[in-house]
Amino acid sequence: ALSRPIELFPQIDAIRSGILGTAKDYGERYCRDPASAFTNRGKFGPKWQNMYKGSSFEKELHIVLRKALLIRRLKKDVLKDLPQKIRKVAYLHLDQTQRAPLDELFAELESLPRSDTKGKDALSSALFRA
(Lines give C-alpha, C1' and ligand atoms only; values in the text may rest on other atoms or scores of the structure.)
Protein backbone atom coordinates (compact mmCIF):
# COMPACT_ATOMS: atom_id res chain seq x y z
CA ALA A 1 0.00 0.00 0.00
CA LEU A 2 1.18 3.49 -0.77
CA SER A 3 0.44 5.68 2.19
CA ARG A 4 3.42 8.05 2.05
CA PRO A 5 4.98 9.95 -0.84
CA ILE A 6 8.36 8.27 -0.26
CA GLU A 7 6.77 4.93 -1.16
CA LEU A 8 6.06 6.25 -4.68
CA PHE A 9 9.71 6.94 -5.46
CA PRO A 10 10.74 3.43 -6.62
CA GLN A 11 7.83 3.30 -9.10
CA ILE A 12 8.50 6.82 -10.37
CA ASP A 13 12.20 6.09 -10.72
CA ALA A 14 11.52 2.82 -12.56
CA ILE A 15 9.28 4.56 -15.09
CA ARG A 16 11.36 7.71 -15.64
CA SER A 17 14.67 7.38 -13.90
CA GLY A 18 16.07 10.59 -12.49
CA ILE A 19 13.05 12.78 -13.31
CA LEU A 20 12.75 13.79 -9.66
CA GLY A 21 16.43 13.42 -8.78
CA THR A 22 17.80 10.91 -6.33
CA ALA A 23 15.81 9.31 -3.54
CA LYS A 24 17.35 11.82 -1.14
CA ASP A 25 16.43 14.78 -3.40
CA TYR A 26 12.88 13.48 -3.72
CA GLY A 27 12.64 12.78 0.00
CA GLU A 28 13.92 16.22 0.94
CA ARG A 29 11.46 17.95 -1.37
CA TYR A 30 8.27 15.92 -1.07
CA CYS A 31 8.53 13.71 2.00
CA ARG A 32 9.61 15.92 4.87
CA ASP A 33 7.26 16.44 7.75
CA PRO A 34 7.89 20.06 8.71
CA ALA A 35 6.70 19.42 12.26
CA SER A 36 9.26 16.67 12.79
CA ALA A 37 12.23 18.39 11.16
CA PHE A 38 13.78 19.16 14.52
CA THR A 39 12.15 16.58 16.77
CA ASN A 40 13.60 13.50 15.06
CA ARG A 41 17.19 14.27 15.90
CA GLY A 42 19.38 11.56 17.32
CA LYS A 43 22.74 11.76 19.04
CA PHE A 44 24.57 12.19 15.72
CA GLY A 45 22.04 14.27 13.78
CA PRO A 46 18.68 13.43 12.21
CA LYS A 47 17.32 9.93 12.47
CA TRP A 48 17.11 9.07 8.78
CA GLN A 49 14.45 6.41 9.26
CA ASN A 50 12.13 9.16 10.49
CA MET A 51 13.14 11.88 8.06
CA TYR A 52 10.79 10.93 5.19
CA LYS A 53 7.65 9.82 6.99
CA GLY A 54 5.74 12.98 6.20
CA SER A 55 4.73 14.88 3.11
CA SER A 56 5.42 18.33 1.79
CA PHE A 57 4.60 20.20 -1.41
CA GLU A 58 1.78 17.76 -2.16
CA LYS A 59 0.15 19.97 -4.80
CA GLU A 60 3.44 20.40 -6.61
CA LEU A 61 4.07 16.65 -6.59
CA HIS A 62 0.56 16.05 -7.91
CA ILE A 63 1.15 18.44 -10.82
CA VAL A 64 4.55 16.93 -11.63
CA LEU A 65 3.14 13.40 -11.61
CA ARG A 66 0.17 14.35 -13.79
CA LYS A 67 2.27 16.21 -16.34
CA ALA A 68 5.25 13.86 -16.48
CA LEU A 69 3.90 10.38 -15.78
CA LEU A 70 0.13 10.09 -16.06
CA ILE A 71 -1.18 8.45 -19.19
CA ARG A 72 -4.91 8.93 -19.56
CA ARG A 73 -6.73 7.16 -22.32
CA LEU A 74 -10.43 7.62 -22.86
CA LYS A 75 -12.65 4.62 -23.48
CA LYS A 76 -13.98 6.16 -26.70
CA ASP A 77 -10.41 6.40 -28.03
CA VAL A 78 -9.40 2.81 -27.25
CA LEU A 79 -12.72 0.97 -27.63
CA LYS A 80 -11.81 -0.24 -31.11
CA ASP A 81 -8.61 -1.82 -29.70
CA LEU A 82 -10.37 -3.76 -26.95
CA PRO A 83 -11.41 -7.39 -27.44
CA GLN A 84 -15.07 -8.40 -27.37
CA LYS A 85 -16.59 -9.01 -23.95
CA ILE A 86 -16.61 -12.62 -22.86
CA ARG A 87 -19.42 -13.51 -20.51
CA LYS A 88 -19.20 -16.77 -18.66
CA VAL A 89 -21.50 -18.29 -16.07
CA ALA A 90 -19.62 -19.79 -13.15
CA TYR A 91 -21.49 -22.17 -10.86
CA LEU A 92 -20.50 -22.47 -7.23
CA HIS A 93 -21.01 -25.72 -5.42
CA LEU A 94 -21.99 -24.96 -1.84
CA ASP A 95 -22.68 -27.39 0.95
CA GLN A 96 -25.81 -26.94 3.07
CA THR A 97 -24.05 -24.90 5.80
CA GLN A 98 -22.78 -22.43 3.21
CA ARG A 99 -26.06 -22.28 1.35
CA ALA A 100 -28.46 -21.77 4.32
CA PRO A 101 -27.64 -18.07 4.98
CA LEU A 102 -27.91 -17.30 1.26
CA ASP A 103 -31.28 -19.04 1.00
CA GLU A 104 -32.54 -16.91 3.91
CA LEU A 105 -31.40 -13.71 2.22
CA PHE A 106 -32.97 -14.71 -1.10
CA ALA A 107 -36.26 -15.55 0.63
CA GLU A 108 -36.27 -12.18 2.38
CA LEU A 109 -35.45 -10.43 -0.88
CA GLU A 110 -38.31 -12.16 -2.69
CA SER A 111 -40.76 -11.24 0.09
CA LEU A 112 -40.19 -7.50 -0.38
CA PRO A 113 -42.67 -5.57 -2.53
CA ARG A 114 -41.40 -4.84 -6.03
CA SER A 115 -41.50 -1.08 -5.34
CA ASP A 116 -39.25 -1.34 -2.25
CA THR A 117 -35.95 -0.70 -3.99
CA LYS A 118 -34.20 0.61 -0.85
CA GLY A 119 -34.90 -2.59 1.04
CA LYS A 120 -33.77 -4.68 -1.91
CA ASP A 121 -30.58 -2.65 -2.22
CA ALA A 122 -29.84 -3.18 1.47
CA LEU A 123 -30.43 -6.91 1.11
CA SER A 124 -28.32 -7.09 -2.03
CA SER A 125 -25.51 -5.38 -0.13
CA ALA A 126 -25.90 -7.87 2.71
CA LEU A 127 -25.89 -10.71 0.21
CA PHE A 128 -22.60 -9.65 -1.32
CA ARG A 129 -21.00 -9.14 2.09
CA ALA A 130 -22.00 -12.64 3.18
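Model, not experiment: these values are computed from the prediction.

Colleague: How would you sum up the packing of helix H2 (residues 23-30) against helix H4 (residues 58-68)? Please name residues and give values.
Modeller: Put simply, H2 and H4 touch, their axes get as near as 9 Å, and they point 130° apart. One way to sum up the angle between H2 and H4 is to call them oblique. Contacts between H2 and H4 involve Tyr26, Arg29 and Tyr30 on the former and, on the latter, Glu60, Leu61 and Val64. The residue inventory of the contact of H2 with H4, partitioned by class, reads four nonpolar, no polar and two charged.

Colleague: Explain the nonpolar core to me, and be specific about the residues and the numbers.
Modeller: General note: in soluble globular proteins, nonpolar side chains tend to be found buried as a group. Formed by Phe9, Ile12, Leu20, Tyr26, Tyr30, Cys31, Met51, Tyr52, Leu61 and Leu65, the largest nonpolar core amounts to 10 residues. Mapped by element, the contributors of at least two residues to this core are helix H1 (9-15), H2 and H4.

Colleague: Tell me what's going on with the pattern of salt bridges, and back it up with residues and numbers.
Modeller: Pairing between side chains of opposite charge can happen when the charged atoms of each approach one another. Summed over the entire model, instances satisfying the criterion amount to four salt bridges. Residue Glu60 pairs with Arg29 through a salt bridge whose shortest N-O separation is 2.5 Å. Here Glu60, found in helix H4, pairs with Arg29, found in helix H2; they are 31 residues apart in sequence, far enough to count as distant. Using a relative accessible area of 28% as the deciding quantity, one classes Glu60 as partly exposed. A relative accessible area of 32% places Arg29 in the partly exposed class. Measuring nitrogen to oxygen at the nearest pair gives 3.3 Å for the salt bridge that ties Arg99 to Asp103. Here the residue Arg99 and the residue Asp103 both occupy positions in helix H6 (residues 96-111), the gap between them amounting to four residues, near one helical turn. Taking relative accessible area as the criterion, Asp103 reaches 31% and is therefore assigned partly exposed.

Colleague: Outline the packing of aromatic side chains, listing residues and values.
Modeller: Here the structure, examined in full by the defined rule, presents two aromatic pairs. Both rings, one in Phe9 and one in Tyr26, keep their centres 5.2 Å apart while their planes meet at 40°; by these two values the pair is tilted. Placement of the pair is Phe9 in helix H1 and Tyr26 in helix H2, with a sequence separation of 17 residues. Summarising the burial analysis for this pair, Phe9 and Tyr26 share the class buried. Taking the centre distance of 5.5 Å and the plane angle of 50° together, the rings of Tyr26 and Tyr30 count as tilted. With Tyr26 and Tyr30 both in helix H2 and four residues apart, this pair spans about one turn of that helix. Among the residues examined, Tyr26 registers a relative accessible area of 0% and is labelled buried. Classification of Tyr30 by relative accessible area gives buried; the value is 6%. A network of ring pairs unites the aromatic residues Phe9, Tyr26 and Tyr30 as a single cluster. If you follow Arg29 out to its NZ or CZ, it ends over the ring of Phe57, 3.6 Å from the centre.

Procedures and definitions
Residues numbered from 1 in each chain as written. Predicted model: local features only at pLDDT ≥ 70, side-chain atom pairs only at ≥ 80, totals over all residues. Heavy atoms only, no water. Axes fitted to C-alpha atoms, helices over the stretch in contact; angles between N-to-C directions. Helix = DSSP H or I, 4+ residues; strand = E, 2+ residues; numbered from the N terminus. Parallel < 35°, antiparallel > 145°, perpendicular 65-115°, else oblique. Contact = heavy atoms within 4.5 Å. Nonpolar A, V, L, I, M, F, W, Y, C, P; charged D, E, K, R; others polar. Core = buried A, V, L, I, M, F, W, Y, C linked by side-chain atoms within 4.5 Å. Buried < 20%, exposed > 50% of the residue type's maximum accessible area, 1.4 Å probe, protein only. Salt bridge = Lys/Arg side-chain N within 4 Å of Asp/Glu carboxyl O. Phe/Tyr/Trp six-rings, centres within 6.5 Å; stacked < 30°, edge-to-face > 60°. Lys NZ or Arg CZ within 6 Å of the ring centre and 35° of its normal.

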